[in-house]
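Summary of structural features
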Amino acid sequence: LVAKNGEVLFEDYHGIINFKTGEPITEHTPFHLASISKTFTGMMILKLWEEGRISLNDTLQKFFPALPYHNITVKMLLSHRSGLPNYLYFMDSIWNKKQKATNNDVLNFMIEHKPQINLPPGKAYNYCNTNFLLLALIIEKITNQDYPTYMKDSVFVPLGLKDTYVFSAKDTLSYIPTLSVTKPFPMDHLDCTYGDKNIYSTARDLFKWDSVLYANTFLRKSTLDMAFQPQSNEHKTMHNYGLAWHLYFNA
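A quick note: this is a predicted structure, and the numbers were derived from the prediction, not measured.

Each value, and the rule that gives it
- Per chain, residues are indexed from 1 in the order of the written sequence.
- Under the rules for a predicted model, residues below a pLDDT of 70 receive no local features and side-chain atom pairs below 80 are neither given nor counted, while totals for whole chains, interfaces and linings still include all residues.
- For the side-chain quantities, the full set of heavy atoms in the structure was used; hydrogens and water were omitted.
- Only DSSP runs of H or I reaching four residues or more are called helices, and only runs of E reaching two or more are called strands; each is numbered from the N terminus.
- This radius of gyration counts C-alpha atoms alone. The globule rule is 2.2 Å times how many residues there are, raised to the power 0.38.
- When a residue's accessible area, from a 1.4 Å probe over protein chains only, is under 20% of the maximum for its type it is buried; when over 50% it is exposed; and in between it is partly exposed.
- The sign given to each residue is positive for Lys and Arg and negative for Asp and Glu; His and the chain ends receive no count.
- Charge positions are represented by NZ for Lys, CZ for Arg, CG for Asp and CD for Glu.
- N or O atoms within 3.5 Å of each other form a polar contact, as long as, within protein, one can give a hydrogen and the other can take it, and as long as residues adjacent in sequence are counted only when both atoms are side-chain atoms.
- Here, residues are in contact when the closest pair of their heavy atoms is within 4.5 Å.
- By definition, two strands form a pair when at least two bridges between them are found by DSSP.
- Expected helix span is computed as 1.5 Å times (number of residues minus one).
- Read the arc as the range of directions from the helix axis to the C-beta atoms.
- Any two cysteine sulfur atoms lying within 2.5 Å of each other are counted as a disulfide.

Helix and strand content of the chain: nine helices and eleven strands. For the chain, the C-alpha radius of gyration of 19 Å lies close to 18 Å, the compact-globule estimate for 251 residues. Once the C-alpha set of the chain is aligned to its principal axes, its extents read approximately 50 × 45 × 35 Å. Relative to its full complement of 251 residues, the chain shows a buried share of 45%. One finds the centroid of the 24 positive side-chain charges in the chain at a distance of 5 Å from the centroid of its 23 negative side-chain charges.

In structure tokens:
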């Protein structure tokens, strides 16, 4: 899908989504967004901030008192300045890979095993999936709902993102595997965590998400402007990171 100034100029779909049934890819076929999922998690945190339900200066201990990492704020999670280790690596150490880990499993692993922090909090930008996994758990703490349900009820359905959802452990039985050449690519032990990944969506829904953000109907313009402010200024380059967004500057 190609659009300009809010108007779709080109849209086309090819391929097969389910090789067992031969079901073709259409405009309603959702695909895993990988780290683009972070934009949804981040903007939901900022929505809760607008509503006065969270402070960006809240620390991890407010939500997870037993977590052994101090002086890390919500803003540091959003901007990848927490210094936390990446769960994609430390969960490969002694975790039973026959068991699919949940967000709470990762949290409890961190509490019990205390994997070493990479950097002092706030010291520097260090892209880390753990940050957004924890943000999803914070959303659950604040709303008293699981992240997939809350995102559906508070973001996807109200905004008309009809083909967008969060994949979690309950969806594993209906999972349609990707093919690795000719064989199904199996799920691994970290395929059921969310917040940093595991939102599925379509080109049409992403176009709508983009349009809603710039229309300032989901978040205030001032909030989106804040999200687009560069937070990583250790090295002067065209690339930077805001609050849940990669940034690129022409000059």
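Next comes the rest of the write-up.
Moving on to the side chain of threonine 39. For threonine 39, the position within the fold is in helix 1 (residues 37-50). There is a polar contact of 3.5 Å between the side chain of threonine 39 and the side chain of tryptophan 209. Residues in contact with threonine 39, not counting those within four places in the same chain, are Trp209, Ala244 and Trp245.

Either a parallel or an antiparallel arrangement is found when strands of a sheet pair, and the pairing is made through backbone hydrogen bonds. With respect to topology, three strands assemble into an open sheet ordered 5-9-6, the strand pairing being antiparallel. Each having just a single partner strand, strand 5 (31-32) and strand 6 (165-166) make up the two edges of the open sheet. Relative to strand 9 (residues 199-201), strand 5 runs antiparallel, the two sharing two bridges. Bridge pairing in strand 9 places phenylalanine 31 opposite serine 201.

A few words on helix 8 (residues 203-215). Between its first and last C-alpha atoms helix 8 spans 18 Å; for 13 residues at 1.5 Å apiece the expected length is 18 Å, and the two agree. Among all positions of helix 8, only Asp205, Trp209, Val212 and Leu213 are buried. Projected down its long axis, helix 8 carries its buried residues within an arc of 100 degrees, all on one side. Residues of helix 8 that are buried make contact with helix 1, helix 7 (147-156), strand 9 and helix 9 (221-227). In the stretch just after helix 8, asparagine 216 is the one whose phi turns positive, near 60 degrees.

This part covers the state of the cysteines. Counted under the stated rule, the structure contains zero disulfides. You can see cysteine 128 has no disulfide; the closest cysteine sulfur is in cysteine 192, sitting 20 Å from it. The exposure class of cysteine 192 is buried, given its relative accessible area of 3%.

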